[in-house]
Amino acid sequence: MVAITSQTMADEIRRQQRLAQSIATDQAAISSGKKITAPSQDPQSWVQISEIGRAQAQNSAWVDNVSYATSRANKAEANLDELNTLFSRARELMVTASSSTIDGPGKTAVVAELEGIRASMADLLNEKDYQGLPVFDDTIATQVPVSRGLALDVVGTRQSISDGIDVNGTPMTLDQILADAIAAVNSADPTDRENSLKAVEKGLDHIILQQSVQGIRSDRIAAVAERLTDTGLSLSERRSGLEDTDLTEVIAGMQAKLLSLEAAQSAFARINRQSLFDLIR
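Residues numbered from 1 in each chain as written. Predicted model: local features only at pLDDT ≥ 70, side-chain atom pairs only at ≥ 80, totals over all residues. Heavy atoms only, no water.

### Side note on the pattern of salt bridges
Short version of the rule: Between Lys or Arg on one side and Asp or Glu on the other, a salt bridge is scored when a side-chain nitrogen of the former is within 4 Å of a carboxyl oxygen of the latter. Put simply, DSSP H or I for four residues or longer makes a helix, DSSP E for two residues or longer makes a strand, and each gets a number counted from the N terminus.
Under the criterion given, the structure shown has seven salt bridges. Among the salt bridges present, the one from glutamate 92 reaches arginine 89, with a minimum N-O distance of 3.0 Å. Of this pair, glutamate 92 and arginine 89 both sit in helix 2 (residues 43–97), three residues apart, which is roughly one turn of that helix. Beyond isolated ion pairs, a larger network of salt bridges with shared partners links Arg89, Glu92 and Glu113.

### Quick look at the pairing of strand 2 (residues 150–153)
In summary, the side chains of a regular strand alternate between the two faces of the sheet. We count it as follows: Two strands qualify as a pair provided that DSSP identifies no fewer than 2 bridges between them.
Where strand 1 (residues 143–147) and strand 2 come together, four bridges link them in antiparallel fashion. Residue pairing across strands places serine 147 opposite leucine 150, the latter belonging to strand 2. Between strand 1 and strand 2, which pair antiparallel in sequence order, lie two residues; one of them, glycine 149, sits at a positive phi of approximately 75°.

### Here we look at helix 3 (residues 104–126)
Side chains that are three or four residues apart share a direction in an α-helix, a result of its 3.6 residues per turn. Just so we agree on the cut-off: Given a helix with a known number of residues, its expected span is that number minus one, times 1.5 Å. Summary of the burial criterion: residues with accessible area below 20% of their type's maximum are buried, those above 50% are exposed, and those between are partly exposed, where the area comes from a 1.4 Å probe applied to protein chains only. Here, residues are in contact when the closest pair of their heavy atoms is within 4.5 Å.
For helix 3, which comprises 23 residues, the first-to-last C-alpha distance of 33 Å matches the rise-based estimate of 33 Å (1.5 Å per residue) to within 8%. Residues Gly106, Val110, Val111, Leu114, Ile117, Met121, Leu124 and Leu125 constitute the buried set of helix 3. Those residues of helix 3 that are buried are in contact with helix 2, helix 4 (158–162) and helix 5 (174–186).

### Things to note about the confidence of the model for the protein chain
Applied cut-off: The score called pLDDT rates the predictor's confidence residue by residue, from a low of 0 to a high of 100.
Mean pLDDT over the protein chain: 82, with 72% of residues reaching 70 or higher. The least confident element of the protein chain, judged by mean pLDDT, is helix 8 (residues 276–280) at 49; the most confident is helix 4 at 95.

### Points about the packing of helix 5 against helix 6 (residues 190–243)
Defined as follows: Think of each axis as a best-fit line through the C-alpha atoms, taken over the contacting stretch in the case of a helix, with angles from 0 to 180 degrees between the N-to-C directions. Relative orientations are named as follows: roughly parallel for angles under 35 degrees, roughly antiparallel for angles over 145 degrees, roughly perpendicular for angles from 65 to 115 degrees, and oblique for any other angle. Working rule for handedness: look at the near helix, and if it is turned counterclockwise from the far one by less than a right angle, call the crossing left-handed; if clockwise, right-handed. Ten residue types, Ala, Val, Leu, Ile, Met, Phe, Trp, Tyr, Cys and Pro, are classed as nonpolar, four, Asp, Glu, Lys and Arg, as charged, and the remainder, Gly among them, as polar.
With their axes 9 Å apart at the nearest point, helix 5 and helix 6 run at an angle of 155° to one another. With respect to helix 6, the element helix 5 is oriented roughly antiparallel. Relative to helix 6, helix 5 is oriented so that their crossing is left-handed. Of the residues in helix 6, those in contact with Leu174, Ile177, Asp180, Ala181, Ala184 and Val185 of helix 5 are Asp192, Arg193, Ser196, Ala199, Val200, Gly203 and Ile207. For the contact of helix 5 with helix 6, the class distribution of residues is eight nonpolar, two polar and three charged.

### Brief notes about the environment of aspartate 189
Our working rule: Polar contact is defined as a pair of N or O atoms within 3.5 Å, subject to the rule that within protein one atom must be able to donate a hydrogen and the other to accept it, and that residues adjacent in sequence are counted only when both atoms are side-chain atoms.
By the secondary structure assignment, aspartate 189 is in the loop between helix 5 and helix 6. As for aspartate 189 and serine 98, which are separated by 91 residues in sequence, their C-alpha atoms are 9.6 Å apart. Here the side chain of aspartate 189 touches threonine 191 through a polar contact of 2.9 Å, landing on its backbone nitrogen.

### Remarks on helix 5
The following threshold applies: Directions from the helix axis toward the C-beta atoms define the arc.
Compared with the 18 Å implied by 1.5 Å per residue over 13 residues, the 19 Å span of helix 5 between its first and last C-alpha is a close match. Residues of helix 5 that are buried: Leu174, Ile177, Leu178, Ala181, Ile182, Ala184 and Val185. Buried residues of helix 5, viewed axially, fall in a sector of 160°; they line one side. Its buried side turned inward, helix 5 meets helix 2, helix 3, helix 4, strand 3 (165–167), strand 4 (170–172) and helix 6.

### Examining unusual backbone geometry
You will see that threonine 139, though not glycine, has its phi angle at about 70°, which is positive. Here threonine 139 shows up in the loop between helix 3 and strand 1. Positive phi is not limited to glycine here, since asparagine 168 has a value of about 55°. Here asparagine 168 lies in the loop between strand 3 and strand 4. By relative accessible area, asparagine 168 is classed as exposed at 69%.

Here it is, written out as structure tokens:
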């Protein structure tokens, strides 16, 4: 004899409701692509997803900082390249000025070009970027945080680039070197021109050294950027493994649940159509 009570019927209704809710959850997971949308579904995975989310937010902030650092470093490199070009041209002009064949108009042309180089150099050293910040830091290099516990100098100071050039034991600036070169061209003393040529060469060597130093800064920034990219990919993969829906698995499971629910509902409907006599017979 099969005993069917009101409790049995209620239990069956609740079982079917849970099955229907599970199917609805699977449908939502398929639709959203996320298998976990609430802490109650998997508390342990939810905690891990939350922690990974915080790590991703921090990593994203560092990526933004590195992007800013890269932009500043690239601009500094471009300005240093132009300074190199200017001083290379200044050296060529001083070689020309040192020639015994240069005439008055020639000297005037050389002086005019050297003055233009001097003005252009000042513009490059004092230029500001699109954000209104100096291309080269003033006195103290600004450090940019690029990862936990790591902040980098991304550009040199204007003073490190323009000052402290050793010319025969005398510290000079790039501007002083060019000013002396202009005075030497106007001078009739070939010794002055020869000494100024050597000073210009020292200035060019200093700029080349600063280009190398800036290149090292840029390489460090690029290395950090690569590490952050790898970290971001790793975090995304971990989060995806915890959070994303495995469509093949979920669809197969949902189809099995649908079949089970349909069978349960069909059986439940047949039982409800039966009379009490039929059930106890």
